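Close look at the chain arrangement
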Amino acid sequence: MPGKHFLQFTDFSRDEYEHLFVRSRVLKDRLRRGELYQPLQGKTLAMIFEKSSTRTRVSFEAGMNQLGGHAMFLASKDTQLGRGEPIEDVARVIGRMCDVVMLRTYEQTIVDTFASYSKAPVINGLTNEYHPCQTLADIFTYIEHRGSIEGKTVAWIGDSNNISRTWLQAARIFNFKLRLACPKGYEMSVLDGIDYRDHFEQTHDPREATEGADLVSTDVCVSMGFERESLQRRVDFLSYKVTGELMKLADKDAVFMHCLPAHRGEEVDPDVLDGPQSIVWDEAENRMHTQKALIEYLLLGKIDS
Ligand code: CP
Ligand code: NVA
C-alpha cells in the first residue's frame, strides 16, 4: 500500500496480515523452486542501524536482493546521524533518494519522527518498545506449523520488552491470549489506553503462565540499550528460564519460539532451544519471507496470488 508505514503491529489490519501471510507463502515457495521474481528492479531499501543486528540486516538485504532491488546498509555512527544531524533532516534526504527505509533505533519516537518526515515508507526494524517485523514472522511461523493462532494461548516467560509488547498488540488483532510471567517490577505497563483484558494475563509464576499453553516463548533479559541494568536483571530473571521441565506443563503439541539471539542456559535451556518442540530456525528464516511480502505490499500494494 504505497504511502503506508509499518511502525507498530497495530498499523496493519487483520486483512492486511492475512494478505501478507498468503504472499509470504507464495514468495517462500517460489524461492524454494528457484524461480526468479524481481518486481523491484531499480528500487533501493535504506537500512539504518543504530543497534547491532544479524537476522534483521541479513533478512532485509537478502530479501531485497531476491526481489531485484538493492539494499543499502547504513550504520548510524558512520553517517552524519552519528555526528548529530537531526533525524528530521536525514529522513527528508533519504526519503527522497530511496524507495523504502528500515530503521533500527532506540525510542519509538525516533522511528515515528523519521516516518513523519520521509516521503518513502518506513519500517520499524526494532525499537526499545516494539519489533513488529519479528511478530509478523512469528505468527506466520506458528501458522505454518500448527494452523490458526486464533483462540490459542501464548506463554511469555521473561521481560516485558519490545518483543512481548508486540506479541500483545498481535493478540488483540488475531484473537489469542498472551500470558506473561515476569519478575516483580518488570510488569507490562498499560499500552496506549488500549483495553487488552480479553487477551492478556500477567503473573509472576512461569508455571502458571505455561500451563496448557500452545506456544512458549522467551527472550534475553537484557535488551539492547538496557546494558546498564545488566547485573540487576541477571539476578532478577534467574528463575524465569524456559526449561524442559517447564515445557512439560504446556500443551503436548506446544512449540517453542525465540526471536534470537539466544543465551543457552540463561533464558532457555539448550535441550529446549535445540529440542524437538523448538521452531526457532524456521522463525528466523521466515523473517526474510515475511519482510519480502511486507516490502512488496508497501511498494506495490496488494498483488493477486
Ligand atoms: N531477532 C532479531 O531481530 O535479530 P537481530 O538482532 O540479529 O536482527
Ligand atoms: N529484546 C531484544 C531483541 C533482540 C532481537 C533486544 O531488543 O535487544
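Residues numbered from 1 in each chain as written. Chains lettered and ligands numbered in written order. Predicted model: local features only at pLDDT ≥ 70, side-chain atom pairs only at ≥ 80, totals over all residues. Heavy atoms only, no water.

Within the largest apolar cluster, 79 residues are counted, with the highest numbers of intra-cluster contacts made by Tyr 17, Ile 123, Trp 167 and Phe 174. Here the element with the most residues in this core is helix 11 (residues 280-300); it accounts for 8 residues. Excluding its chain neighbours within four sequence positions, the residues that come into contact with Trp 167 are Thr 135, Asp 138, Ile 139, Ile 149, Val 154, Trp 156, Phe 176, Leu 178, Leu 215 and Ser 217. Formed by 18 residues, the second largest nonpolar core is a distinct cluster that contains Val 90, Cys 98, Leu 103 and Val 122. (Core = buried A, V, L, I, M, F, W, Y, C linked by side-chain atoms within 4.5 Å. Buried < 20%, exposed > 50% of the residue type's maximum accessible area, 1.4 Å probe, protein only. Helix = DSSP H or I, 4+ residues; strand = E, 2+ residues; numbered from the N terminus. Contact = heavy atoms within 4.5 Å.)

Another aspect to go through is the UniProt feature "binding site: L-ornithine" (unreviewed entry) in the protein chain. Mapped onto this numbering, the UniProt entry gives "binding site: L-ornithine" (unreviewed entry) at Asn 162, Asp 219, Ser 223 and Met 224. For this annotated set, covering 63 residues, all C-alpha atoms fall within 11.7 Å of each other, a compact arrangement in space. Of the residues annotated just before, the largest pocket has Asn 162, Asp 219, Ser 223 and Met 224 among its lining. Inspection of the secondary structure puts Asn 162 in helix 6 (residues 162-174). Asn 162 sits in the buried class, given a relative accessible area of 4%. Among all residues touching Asn 162, those that are not within four sequence positions of it are Leu 126, Thr 127, Asn 128, Glu 129, Tyr 130, His 131, Asp 219 and Ser 223. Only 3.0 Å separates the side chain of Asn 162 from the backbone oxygen of Thr 127, close enough to count as a polar contact. Among the structural elements, Asp 219 can be located in the loop between strand 8 (215-218) and helix 8 (230-236). Given a relative accessible area of 6%, Asp 219 falls into the buried group. If we ignore the near neighbours within four places in the chain, the residues touching Asp 219 are Trp 156, Ile 157, Asn 161, Asn 162, Ile 163, His 258, Cys 259 and Glu 267. A polar contact of 2.8 Å, which involves the side chain of Asp 219, links it to the side chain of Asn 161. (UniProt positions renumbered as here; feature names shortened; annotations may be inferred. 1 Å grid on protein atoms, 1.4 Å probe; cavity = no way out; pocket = protein on both sides within 12 Å on 5 of 7 lines; lining within 4 Å. Polar contact = N/O pair within 3.5 Å; in protein donor to acceptor, adjacent residues only side chain to side chain.)

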